[in-house]
Amino acid sequence: MYGGLFRNILFPLYETRLRGRDTLRALDELERSQWRSEGETRDLAFRRMLAALHFAEHNVPFYRARFAEHGVRVASVKSPEDLLRLPVLTRADLRAHAPELLAESFVGRLYSSGTGGSTGEPVQFRFDHRTYERRVAAAMRSDRWAGARLGDRELHFWGTQFGETLAHKAKRSLHEAILRKKMISAFDLSDQRLAALLDEIARYRPQLIVGYTSALYQAARHALSEGRALPAPRGVVTSAERLFSHQREAIERAFGAPVFDRYGCRELMLIAAECERHAGKHINMEGVYVELLRDGRHAAPGEAGEVVVTDLICRSMPLIRYKNQDVAIAAGAPCACGRGLPMLASVEGRVLDLLVGPDGQLLAGELFPHLIKDQPTIARYQVYQDRRRAITVRLVPGNGFQPETARLIERTVRQHLGERAEVSVQLVDDIPLTSSGKHRVTLSEVPVQLNRRAAA
């Protein structure tokens, strides 16, 4: 009863009438536009890409200077192939030129956020509420693909806020209770914590479960090994880390529901998501323009390419041709579901090692991007655990770095792994890449001993 009341009366009254937000209208538009043909969808996305480029050239100091430096004009862009002449935006650019990326013409309130990043290079960025509303609408559409409905119970096995005041925590808890979204920290993966999570699922009976991939996988293994029967939700959404086939299989067996994998980055939120066909990920083309670059050209379907994304909505701090350092492969055929949103066949997203405490506790590697995203004075970082289970957090300090930041990180790790954990913070000038040319955020030499076998 509450779900229908919330869906049809309470939320529209609050979101649209009282707050004056455009979220539900944007969602209605997305529900219609997903059924356009792929040709229409691509044409609309490219026209929005041109609009974003023209806006950036005329209103954003960084792009105006960068385009001139490369000798390119947006007026010369007539086709997707012409985009290759434009420079890409890197994380280093975002860190060094954030004030110049703000639009001169924007008037209104800006919201700040950041990401610890899968590359170990935290960045800060800003956005306006109109952009946020449309990003939320895109996420709500993909929630519907997974069987969710507004007002239904959801359980999020996700990151939690650090250093939250009691007043802010009370406000957030009330907000989550009204929305029926229960948040549980995904950082502590000890047997005791996983058992408590499964107890909560059995009690709360969520219709949708959302979580970090590795955290949900560990919870699934625990449930299978203990023979726990759980009330089945309509769907389980995995995100933030790459999903492997063995993880999908275990999660679906444990929770008795299909897995819907998603791909995004904090800077733009949702980029692509699975529908009910599970044949790849539909790109959120109404809001995000995706290019896959390979050897100076756009990768063909089936070829791996570097992901370059453009926010088609934001006009306050637009991210144009932003290289997020992921690799993806475009699908060669449309989805059988009939949606005209182009597909990614696969994404080589982040893979974060689990850390092991002195008593065998497991700590999700996702803790560190979540913690360090709010520390703008850290230029780069890496977490290394040796075979003795000693943890070294390597930091490349940036401008304004204070020793208290290092102490905060050490305290947070001990809060999760106990005071007996051997933790140190090391300030370094540089962090070398792996032999494959990649940066590993968490790197552990300790094999994860689950001491259990998942039920066959």
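Whatever comes next refers back to the structure up there.
What counts, and where the lines are drawn
- Residues numbered from 1 in each chain as written.
- Predicted model: local features only at pLDDT ≥ 70, side-chain atom pairs only at ≥ 80, totals over all residues.
- Heavy atoms only, no water.
- Helix = DSSP H or I, 4+ residues; strand = E, 2+ residues; numbered from the N terminus.
- Buried < 20%, exposed > 50% of the residue type's maximum accessible area, 1.4 Å probe, protein only.
- Contact = heavy atoms within 4.5 Å.
- Phe/Tyr/Trp six-rings, centres within 6.5 Å; stacked < 30°, edge-to-face > 60°.
- Arc of directions from axis to C-beta.

1. Examining the side chain of T131
Here comes step 1: Structurally, T131 can be placed in helix α6 (residues 129-145).
Here comes step 2: Classification of T131 as buried rests on a relative accessible area of 1%.
Here comes step 3: Filtering out sequence-adjacent residues up to four positions away, T131 remains in contact with D311, I313, C314 and R315.

2. What to know about the packing of aromatic side chains
Here comes step 1: What the rule picks out here adds up to 6 aromatic pairs.
Here comes step 2: Between F62 and Y63, the aromatic rings sit 5.4 Å apart at their centres with planes inclined by 85 degrees, giving edge-to-face as the arrangement. This pair shows no difference in class: F62 is buried, exactly as Y63 is.
Here comes step 3: With a centroid separation of 6.0 Å and an interplanar angle of 25 degrees, the aromatic rings of Y111 and F127 are classed as stacked. Of this pair, Y111 sits in strand β1 (residues 111-115) while F127 sits in strand β2 (residues 123-127), and the two are 16 residues apart along the sequence.

3. A word on helix α10 (residues 245-255)
Note that an α-helix has 3.6 residues per turn; residues three or four places apart therefore point the same way.
Here comes step 1: Among the residues making up α10, those that are buried are Q247, A250, I251, A254 and F255. The arc enclosing the buried residues of α10, seen along the axis, measures out at 110 degrees, which places them on a common side.
Here comes step 2: Next to the buried residues of α10 lie α8 (191-204), β5 (208-212), α9 (213-226), β6 (235-239) and β7 (259-265).

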